[in-house]
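Chain residues, written in single-letter form:
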Amino acid sequence: MTDVATRRQNGTLRVWLLSAAIALAAAAVLPLVSHDRPALPGGPAIPWWLLAVAFGLAEVFVMHLRIARHAHSFTLGELPLVVGLALATPVQIVLAQAVGLAVVLAWHRRQKPIRLAFNIAQRTLWAVLAVAVFAGVRDIAGGGWVGIWVGAFAAMLLADLVAA
């Protein structure tokens, strides 16, 4: 095998291993989030599949912002996340985000398996950390509206840091 082919194969293996490590980190953190009910007491519950559709649509309709010679792309994935934080359980949020993202990336964007695995793992960790931070901050700040808003804001900050 040539040196270039060997380096490419090693790089591919590293990406697969990184994707697996990220997925394992998400799987390790999710059980620590013990809340099995939506945050909004007495509020309507949203089915996970409807939340998955919302996450998928957020990935389909990407916003492109051009500043000087640079282009920046943004998804609106935070919107269904905030709705999910208030109206769904943590497991439903993570499941909906992973399924919605997987469908869009596989069929709409036609990503290769290695890129698909990395993106799903990274965004699943994004969702798991967001629900964990939300639950922790909400409990500290109190379970009312203040706790929900402060928790959602903290979750969004962390989610954006992980995504970056």
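About the cut-offs
Residues numbered from 1 in each chain as written. Predicted model: local features only at pLDDT ≥ 70, side-chain atom pairs only at ≥ 80, totals over all residues. Heavy atoms only, no water. Helix = DSSP H or I, 4+ residues; strand = E, 2+ residues; numbered from the N terminus. Areas by Shrake-Rupley, 256 points an atom, 1.4 Å probe, with all protein chains shown as cover. 1 Å grid on protein atoms, 1.4 Å probe; cavity = no way out; pocket = protein on both sides within 12 Å on 5 of 7 lines; lining within 4 Å. Points joined across faces, edges and corners; volume = space filled by probe spheres on them. Nonpolar A, V, L, I, M, F, W, Y, C, P; charged D, E, K, R; others polar. Core = buried A, V, L, I, M, F, W, Y, C linked by side-chain atoms within 4.5 Å. Buried < 20%, exposed > 50% of the residue type's maximum accessible area, 1.4 Å probe, protein only. Contact = heavy atoms within 4.5 Å. Phe/Tyr/Trp six-rings, centres within 6.5 Å; stacked < 30°, edge-to-face > 60°. Lys NZ or Arg CZ within 6 Å of the ring centre and 35° of its normal. Salt bridge = Lys/Arg side-chain N within 4 Å of Asp/Glu carboxyl O. Pairing = 2+ DSSP bridges.

Colleague: What am I meant to see in the overall build of the chain here?
Modeller: Secondary structure summary: the chain contains 6 helices and 2 strands in total. Each helix (α) and strand (β) of the chain, taken in turn from the N terminus, gives the series α-α-β-β-α-α-α-α. A total accessible area of about 9,800 Å² is found for the chain, and carbon and sulfur atoms account for 71% of it.

Colleague: Help me out: how do you make sense of the layout of surface pockets in this one?
Modeller: Rolled over the atoms, a probe as big as a water molecule pinpoints where empty space is left. Computed from the structure, the largest pocket encloses a volume of approximately 510 Å³. Around the largest pocket, the lining is made up of 20 residues, and of these E59, T75, Q122, R123 and A163 lie nearest the centre. Those elements that provide at least two residues to the lining of the largest pocket are β2 (70-74), α4 (90-108), α5 (113-141) and α6 (145-163). Top contributing element to the lining of the largest pocket by residue count: α5, with 6 residues. Of the residues belonging to the lining of the largest pocket, the class tally is 8 nonpolar, 6 polar and 6 charged.

Colleague: How do you make sense of the nonpolar core when you look at a structure like this?
Modeller: Generally speaking, soluble globular proteins have nonpolar side chains that are buried together. Judged by nonpolar contacts, the single largest core of 29 residues is most densely connected at L51, F55, L81, L85 and I93. Counting residues per element, the ones that place at least two in this core are α1 (3-29), α2 (48-60), α3 (78-87), α4, α5 and α6. Contacts of L51, omitting those with residues within four sequence positions, involve I46, P80, G84, A88, I93 and A96.

Colleague: Is there a simple way to explain the packing of aromatic side chains in this structure?
Modeller: Aromatic ring pairs are described here by two measures, namely the spacing of the ring centres and the angle between the planes. One pass over the structure, following the stated rule, counts 0 aromatic pairs. Directly above the aromatic system of W126 lies the positively charged group of R123, at a separation of 4.3 Å from the ring centroid.

Colleague: Could you clarify how one ought to interpret the pattern of salt bridges in this entry?
Modeller: A side chain with one charge may pair with a side chain of the opposite charge, provided their charged atoms come close. Inspection of the entire model under this criterion finds 2 salt bridges. Close ionic contact of R123 with E59 constitutes a salt bridge, the shortest N to O distance being 2.6 Å. Note that R123 is positioned in helix α5 and E59 in helix α2, a separation of 64 residues in sequence. A salt bridge links D139 to R138; its shortest N-O distance comes to 3.7 Å. The class for D139 is partly exposed, based on a relative accessible area of 47%.

Colleague: What exactly am I supposed to notice about the pairing of β2 here?
Modeller: Within a regular strand, the side chains alternate between the two sheet faces. Bridging between strand β1 (residues 63-67) and β2 involves 5 bridges; their strand directions are antiparallel. In the strand pairing of β2, R66 is matched with A71. Between β1 and β2, which pair antiparallel and follow one another directly, the connecting turn spans 2 residues, one of which, A68, has a positive phi of 55°.

No statement about biological role is implied by the geometric values presented.
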